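For reference, the chains in residue letters:
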Amino acid sequence: MLRTALGAAIAALALLAATVPATAADTPAVTTAASGLPYDDATGVGVHNAYEKSTFTHFADALDSGASMLELDVWTNFLGSGWRVAHDNPVANDNNCENAQSPSQLRTRARNQSLAGCLHDLRSWRQANPGHRPILLKLEMKDGFAANLGRGPAQLDALIDGILGDAVLRPAELRGSHATLDDAVRADGWPTRESLAGRVIIHLIPGTVEEGNPLDTLWTDVEYARHLRDLAAAGNLGRAVAFPAVHRAAPGDPRTRYSEAGLRPWFVVFDGDASAYGSIDTSWYAARNYLLVMTSAHAVAPPIPATDPTEAQALDRVRLLAGRHASTVSSDWARLPGVLSTVVPRG
């Protein structure tokens, strides 16, 4: 009850700030007002495909941008080795990550590194920026997991744990003493943004190639949810580092798409096209303290530019979708740091 009352009080104050006409000078005030909210009661701004060199020269630049969410595309298939980060190259790495081993190496090394290289950049950047904003790291598993090649959920956990360690907010930490993640967030919500300073939250979605492959019958969301369920049953949930997301909008409870009912309580993150949520009652997500990532925010009617809207246009769009209960509003606004660093109350 204390969390609810405190959150409501902060939200009321922050909402007053958020109704002031948007200017670059207003943005820090709104962000400050929202910073004390529970993570699920605030709305941040993310960057689609933040690893692309045309978006940010270096991944360190993406981290410096102030964005609440950064997205990486990951490939696992047999055509190449390791965990590769690229948009449309399934064979090799094509990205702005450098595999920096210390803060001094950021922006000094060759790019086109593996997922481990991107994670090392994040670790090095964190060393230079203690107490940074909570960062939601979105991994699109382009062609899904490949456990038969040593690139399954357990191996992803080990890779991330070995580089980021306790910086990651793990499902076990969020679950606490509750039976499932669903029980936990519906009862207690998420930690406050302030308490998550210096932390990283990771969520996974099925990739475009995986979803379009008729031969792939085990998608990322199901495979990682089974992984969480089985780890929890064995008392080993602490090994897991990521949250599977229900991908694509659907009315009602979209988890009913999973025929294995026992998987449904392990989904508390949802991710889909912002335009597709237009006819859906998204208050359902906020009422249950679920995270809702709305992508392609620019395409919501009336559409605005995907890469270079005015700051006022982008801030108006952020506030519009925050009012529709988005936790993260994502587009390609890499050149608008004042927008990327904005956090407003949700709802």
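Basis of the calculations
Residues numbered from 1 in each chain as written. Predicted model: local features only at pLDDT ≥ 70, side-chain atom pairs only at ≥ 80, totals over all residues. Heavy atoms only, no water. Helix = DSSP H or I, 4+ residues; strand = E, 2+ residues; numbered from the N terminus. Buried < 20%, exposed > 50% of the residue type's maximum accessible area, 1.4 Å probe, protein only. Contact = heavy atoms within 4.5 Å. Areas by Shrake-Rupley, 256 points an atom, 1.4 Å probe, with all protein chains shown as cover. Lys, Arg positive; Asp, Glu negative; His and termini not counted. Charge placed at Lys NZ, Arg CZ, Asp CG, Glu CD. Axes fitted to C-alpha atoms, helices over the stretch in contact; angles between N-to-C directions. Parallel < 35°, antiparallel > 145°, perpendicular 65-115°, else oblique. Nonpolar A, V, L, I, M, F, W, Y, C, P; charged D, E, K, R; others polar. Expected span 1.5 Å × (residues − 1). Left-handed = near helix turned anticlockwise from the far one by under 90°. Phe/Tyr/Trp six-rings, centres within 6.5 Å; stacked < 30°, edge-to-face > 60°. Core = buried A, V, L, I, M, F, W, Y, C linked by side-chain atoms within 4.5 Å. Disulfide = S-S within 2.5 Å.

- Going by an unreviewed UniProt entry, the protein carries the name Lipoprotein and comes from Streptomyces calidiresistens.

**Quick word on the overall build of the protein**
Next up, step 1: Along its length, the protein carries 12 helices and 10 strands.
Next up, step 2: Its C-alpha atoms put the protein at 55 × 45 × 35 Å along the principal axes.
Next up, step 3: Taken over 347 residues, the protein has a buried fraction of 54%.
Next up, step 4: Sequence-distant contacts in the protein: of pairs separated by 6 or more residues, those separated by 24 or more amount to 66%.
Next up, step 5: For the protein, the computed accessible surface area is about 13,300 Å², with 55% contributed by carbon and sulfur atoms.
Next up, step 6: If you average the places of the 30 positive and of the 37 negative side-chain charges in the protein, the two averages end up 2 Å apart.

**Quick word on unusual backbone geometry**
Next up, step 1: Cis geometry is adopted by the peptide bond preceding Pro 302, which originates at Ala 301 and carries an omega value of -5°.
Next up, step 2: Positionally, Pro 302 belongs in the loop between strand 8 (291-295) and helix 11 (311-323).
Next up, step 3: Despite not being glycine, Arg 107 has its phi angle at roughly 70°, a positive value.
Next up, step 4: Tracing the sequence through the fold places Arg 107 in the loop between strand 3 (84-85) and helix 4 (115-128).
Next up, step 5: Using a relative accessible area of 38% as the deciding quantity, one classes Arg 107 as partly exposed.
Next up, step 6: One non-glycine residue, Asn 112, adopts positive backbone phi at about 65°.
Next up, step 7: With respect to the helices, strands and loops of the structure, Asn 112 is situated in the loop between strand 3 and helix 4.

**Observations regarding the packing of helix 5 (residues 153-164) against helix 9 (residues 220-233)**
Next up, step 1: Axis separation between helix 5 and helix 9 bottoms out at 10 Å; the angle between their running directions is 80°. Accordingly, the angle class assigned to the pair helix 5 and helix 9 is roughly perpendicular. For the pair formed by helix 5 and helix 9, the contact residues are Pro 153, Ala 154 and Asp 157 on the first element and Glu 223, Tyr 224, His 227 and Leu 231 on the second.
Next up, step 2: Counted by class, the contact of helix 5 with helix 9 contains 4 nonpolar, 1 polar and 2 charged residues.

**Focus: helix 9**
Next up, step 1: The end-to-end C-alpha distance of helix 9 is 20 Å, a good match for the 20 Å that 14 residues give at a rise of 1.5 Å each.
Next up, step 2: Among the 14 residues in helix 9, 10 count as buried, and that is most of the element.
Next up, step 3: Within helix 9, burial applies to Thr 220, Asp 221, Val 222, Glu 223, Tyr 224, Ala 225, His 227, Leu 228, Leu 231 and Ala 232.

**Here's the deal with the packing of helix 4 against helix 5**
Next up, step 1: Axis separation between helix 4 and helix 5 bottoms out at 9 Å; the angle between their running directions is 30°. By the angle between their directions, the pair helix 4 and helix 5 is classed as roughly parallel. Helix-helix and strand crossings are classified by hand; for helix 4 and helix 5 the assignment is right-handed. Contacts between helix 4 and helix 5 involve Leu 115, Ala 116, Leu 119, His 120, Leu 122 and Arg 123 from the first element and Leu 156, Leu 159, Ile 160, Gly 162, Ile 163 and Leu 164 from the second.

**Some details on the packing of aromatic side chains**
Remark: the centre distance and the inter-plane angle together describe each pair of aromatic rings, the angle taken between the planes.
Next up, step 1: Tallying each qualifying case throughout the model produces 10 aromatic pairs.
Next up, step 2: With a centroid separation of 4.6 Å and an interplanar angle of 5°, the aromatic rings of Tyr 258 and Phe 267 are classed as stacked.
Next up, step 3: Judged by relative accessible area, Tyr 258 falls into the buried class, the value being 5%.
Next up, step 4: Arranged with centres 5.0 Å apart and planes meeting at 70°, the rings of Phe 270 and Tyr 285 form a pair that is edge-to-face. Remark: Tyr 285 occurs in helix 10 (residues 283-287) and Phe 270 occurs in strand 7 (residues 269-273); sequence separation between them is 15 residues. Residue Phe 270 shares its accessibility class with Tyr 285, and that shared class is buried.
Next up, step 5: Each residue in the set Phe 270, Tyr 277, Trp 284, Tyr 285 and Tyr 290 is aromatic and connected to the rest through ring pairs, giving one cluster.

**Some thoughts on the nonpolar core**
Next up, step 1: Of all hydrophobic cores here, the largest spans 95 residues; its most connected members are Leu 115, Leu 139, Trp 190 and Trp 333.
Next up, step 2: Excluding residues that lie within four positions of it along the chain, Leu 139 makes contacts with Leu 72, Val 74, Leu 115, Leu 156, Ile 160, Ile 202, His 203, Leu 204 and Ile 205.

**Regarding the state of the cysteines**
Next up, step 1: Taken as a whole and assessed by the stated rule, the structure comprises 1 disulfide.
Next up, step 2: The disulfide partner of Cys 97 is Cys 118, and the gap between their sulfur atoms is 2.0 Å. The sign of the 100° torsion about the S-S bond sets the Cys 97-Cys 118 disulfide as right-handed. Within this pair, whereas Cys 97 is found in the loop between strand 3 and helix 4, its partner Cys 118 is found in helix 4, the two being separated by 21 residues in sequence. The pair Cys 97 / Cys 118 is uniform in exposure class, with both members buried.

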